[in-house]
Amino acid sequence: MHLNPYGADAVRLAVDLANDPPGSVADLADRCRRAGVVVDMPVRDDDLAVTRRLIEEWARIVDAASAEERARLLNRMLAGASTYPRLTDHADGRWHLHYRDDGVPLSAVLRALVSVGTALHLTGRGMDRLGRCARTGCGLVYADVSRTGRQRYCSPRCANRDAVRRHRARGTASR
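Residues numbered from 1 in each chain as written. Predicted model: local features only at pLDDT ≥ 70, side-chain atom pairs only at ≥ 80, totals over all residues. Heavy atoms only, no water.

Now for the packing of helix H4 (residues 67–80) against helix H5 (residues 106–125). The interhelical angle for the contact between H4 and H5, taken along N-to-C directions, is 145°, at an axis separation of 9 Å. H5 is crossed by H4, and the crossing has left-handed handedness. Contacts from Arg70, Leu74, Met77, Leu78 and Gly80 in H4 reach Arg111, Val114, Ser115, Val116, Thr118, Ala119 and Leu122 in H5. Its residues assigned to classes, the contact of H4 with H5 shows seven nonpolar, three polar and two charged. (Axes fitted to C-alpha atoms, helices over the stretch in contact; angles between N-to-C directions. Helix = DSSP H or I, 4+ residues; strand = E, 2+ residues; numbered from the N terminus. Left-handed = near helix turned anticlockwise from the far one by under 90°. Contact = heavy atoms within 4.5 Å. Nonpolar A, V, L, I, M, F, W, Y, C, P; charged D, E, K, R; others polar.)

This part is about the confidence of the model for the chain. Looking at the chain as a whole, the pLDDT averages 90, with 93% of positions reaching at least 70. Across the chain, the element-wise mean pLDDT spans from 76 in strand S2 (residues 96–98) up to 98 in helix H3 (residues 47–62). (pLDDT = per-residue confidence, 0-100.)

Here we take up helix H2 (residues 25–34). For H2, the set of buried residues is Val25, Leu28, Ala29, Arg31 and Cys32. Viewed end-on, H2 has its buried residues packed into an arc of 165°, placing them on one side of the element. Immediately downstream of H2, the backbone of glycine 36 shows phi near 100°, a positive value. (Buried < 20%, exposed > 50% of the residue type's maximum accessible area, 1.4 Å probe, protein only. Arc of directions from axis to C-beta.)

A word on H3. Between its terminal C-alpha atoms H3 stretches 22 Å, which fits the 22 Å expected from 16 residues at 1.5 Å a residue. Buried within H3 are the following residues: Asp47, Leu48, Thr51, Leu54, Ile55, Glu57, Trp58, Ala59, Ile61 and Val62. (Expected span 1.5 Å × (residues − 1).)

Soluble globular proteins: nonpolar side chains tend toward being buried together. Counting 32 residues, the largest nonpolar core has Cys32, Trp58, Ile61, Leu106, Leu110 and Leu130 as its most contacted members. If you list the elements that add at least two residues to this core, you get helix H1 (5–19), H2, H3, H4, H5 and strand S4 (141–143). Top element by residues in this core is H5. It accounts for seven residues. Setting aside residues no more than four positions away along its own chain, tryptophan 58 makes contact with Val11, Ala14, Val15, Ala18, Met77, Val114, Thr118, Leu130 and Val141. (Core = buried A, V, L, I, M, F, W, Y, C linked by side-chain atoms within 4.5 Å.)

In this section: the environment of alanine 71. Secondary-structure assignment places alanine 71 in helix H4. Judged by relative accessible area, alanine 71 falls into the partly exposed class, the value being 27%. On a C-alpha basis, the gap between alanine 71 and methionine 127 in space is 8.3 Å, while along the polypeptide they are 56 residues apart.

If you want it as structure tokens, here you go:
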């Protein structure tokens, strides 16, 4: 099975923005560029606030209790980004799909990228492939792109810390 990397990249960007919200419009635009987004659209002052609301809306999808609720919330987000996909070669001469109208601001582009990317990620990998770190006190978001689909932690660091905690708890209990 071939999984669309366009979806994975967009979901990774959403995870990044959720776990470490940008502090300025310039920071938002720079992080989008580093994530591979071609920022050739207007970047407005209100893009930061609009994007923060978008990521809050996306986090409700992450936190949904069931696949049905996740789908309902994601469908609402997709409807807000509704436009027809179009082919473009603006970036580097290679043709690719855009899920947006021309001339829309960065926050609208992010709505389209995040919602379509999340839909591709969940339908391609599984509806349970978004979550929050299982380590007590962490709560960061992760997108499970593992082969097995069993990710429970936001990072190897949190997984290791939790394993050490469990190991120490077993040692205390056996004394």
